[in-house]
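# Remarks on the overall topology
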Amino acid sequence: RAYGTQVLLRHDLTDRFFGWISYTISRSERTDGGSDSYRLFDSDQTHVFTALASYDLGLGFEVGARFRYSTGFPRTPILFPNYDARLDPYSPVFGAHNSIRIPDFYSADVRVAKRFKFSDSSELELYLDVQNVTDHRNPEEIVYNYNYSYKTYITGLPILPVIGGKLTW
């Protein structure tokens, strides 16, 4: 089951400047086979916030920025390792299902674009998007060493510049 709400406010401050903010609060839960009790779904994100602003500089140039924040995904903790001396492997002893979370995500992005109009119905837009300008290494998953004595995170991409174009006709 999933429930929640989202609020989005968009405002054109001038004919060249607009912005919007969005906030979602939600809960995603599930039951496992044979159980009536609910637990957090693996992809639950309780809070998601986005703010965006864009300004038309004129002559086809536009600049913008975006900030995103969300709570981390739930995960099941490993309480301690269990060592089997007979077979020599380590196996984890798990805690309550999805009772911890990956750390929260945040990112700031910027965009610069130039539009070339060829006619009323055709244009070319060239752009530079720079994602994660703060170079924040957002944790995306938990990983452990071979004997579960050390935990770290797989992180997302660092600063990512993307050059692209869009042709409309």
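Because the structure is a prediction, the values reported are computed rather than measured.

Taken as a whole, the largest pocket spans an internal volume of roughly 250 Å³. Forming the walls of the largest pocket are 15 residues, and the residues nearest its centre are L52, G64, R66, R111 and D129. Put simply, the parts of the chain that give the lining of the largest pocket at least two residues each are β4 (47–58), β5 (61–70), β10 (105–117) and β11 (123–131). Element by element, the count of residues in the lining of the largest pocket is highest for β5, at 5 residues. The space that makes up the second largest pocket amounts to roughly 170 Å³. Considering each element in turn, the lining of the second largest pocket owes the most residues, 3 residues, to β10. Along the lines of polarity and charge, the residues of the lining of the second largest pocket split into 4 nonpolar, 6 polar and 3 charged.

Looking now at the pattern of salt bridges. Pairing of side chains with opposite charge becomes possible as their charged atoms draw close. The full count for this structure, using the stated rule, is 15 salt bridges. We note a salt bridge from R30 to D32, for which the minimum N-O separation is 3.3 Å. Assessed through its relative accessible area of 33%, R30 is described here as partly exposed. For D32, a relative accessible area of 31% translates into the label partly exposed. Close ionic contact of R137 with D135 constitutes a salt bridge, the shortest N to O distance being 3.5 Å. Residue R137 is classed as partly exposed on the basis of its relative accessible area of 44%. A single network of salt bridges, built from pairs that share partners, joins R30, D32, R39 and D42.

All right, on to the environment of S107 then. Relative to the elements of secondary structure, S107 occurs in strand β10. By relative accessible area, S107 is classed as buried at 3%. Along the primary structure S107 and Q131 are separated by 24 residues, whereas in three dimensions their C-alpha atoms are 7.5 Å apart. Apart from residues lying up to four places away in sequence, S107 is in contact with R66, F67, R68, N132 and N138. A distance of 3.0 Å separates the side chain of S107 from the side chain of D109, its partner in a polar contact.

Moving on, we get to the packing of aromatic side chains. In total, this model carries 4 aromatic pairs according to the counting rule given. With a centroid separation of 4.7 Å and an interplanar angle of 45°, the aromatic rings of Y83 and Y90 are classed as tilted. Of the residues examined, Y83 reaches a relative accessible area of 39% and is grouped as partly exposed. Centre to centre, the rings of Y144 and Y148 are 5.9 Å apart; their planes meet at 50°, and the pair counts as tilted. When the ring centre of F18 is taken as reference, the NZ or CZ atom of R10 above it lies at 4.2 Å.

Averaged over every residue, the pLDDT of the chain is 95; residues scoring 70 or more account for 100%. Across the chain, the element-wise mean pLDDT spans from 92 in strand β3 (residues 39–40) up to 98 in β5.

Analysis parameters
Residues numbered from 1 in each chain as written. Predicted model: local features only at pLDDT ≥ 70, side-chain atom pairs only at ≥ 80, totals over all residues. Heavy atoms only, no water. 1 Å grid on protein atoms, 1.4 Å probe; cavity = no way out; pocket = protein on both sides within 12 Å on 5 of 7 lines; lining within 4 Å. Points joined across faces, edges and corners; volume = space filled by probe spheres on them. Helix = DSSP H or I, 4+ residues; strand = E, 2+ residues; numbered from the N terminus. Nonpolar A, V, L, I, M, F, W, Y, C, P; charged D, E, K, R; others polar. Salt bridge = Lys/Arg side-chain N within 4 Å of Asp/Glu carboxyl O. Buried < 20%, exposed > 50% of the residue type's maximum accessible area, 1.4 Å probe, protein only. Contact = heavy atoms within 4.5 Å. Polar contact = N/O pair within 3.5 Å; in protein donor to acceptor, adjacent residues only side chain to side chain. Phe/Tyr/Trp six-rings, centres within 6.5 Å; stacked < 30°, edge-to-face > 60°. Lys NZ or Arg CZ within 6 Å of the ring centre and 35° of its normal. pLDDT = per-residue confidence, 0-100.

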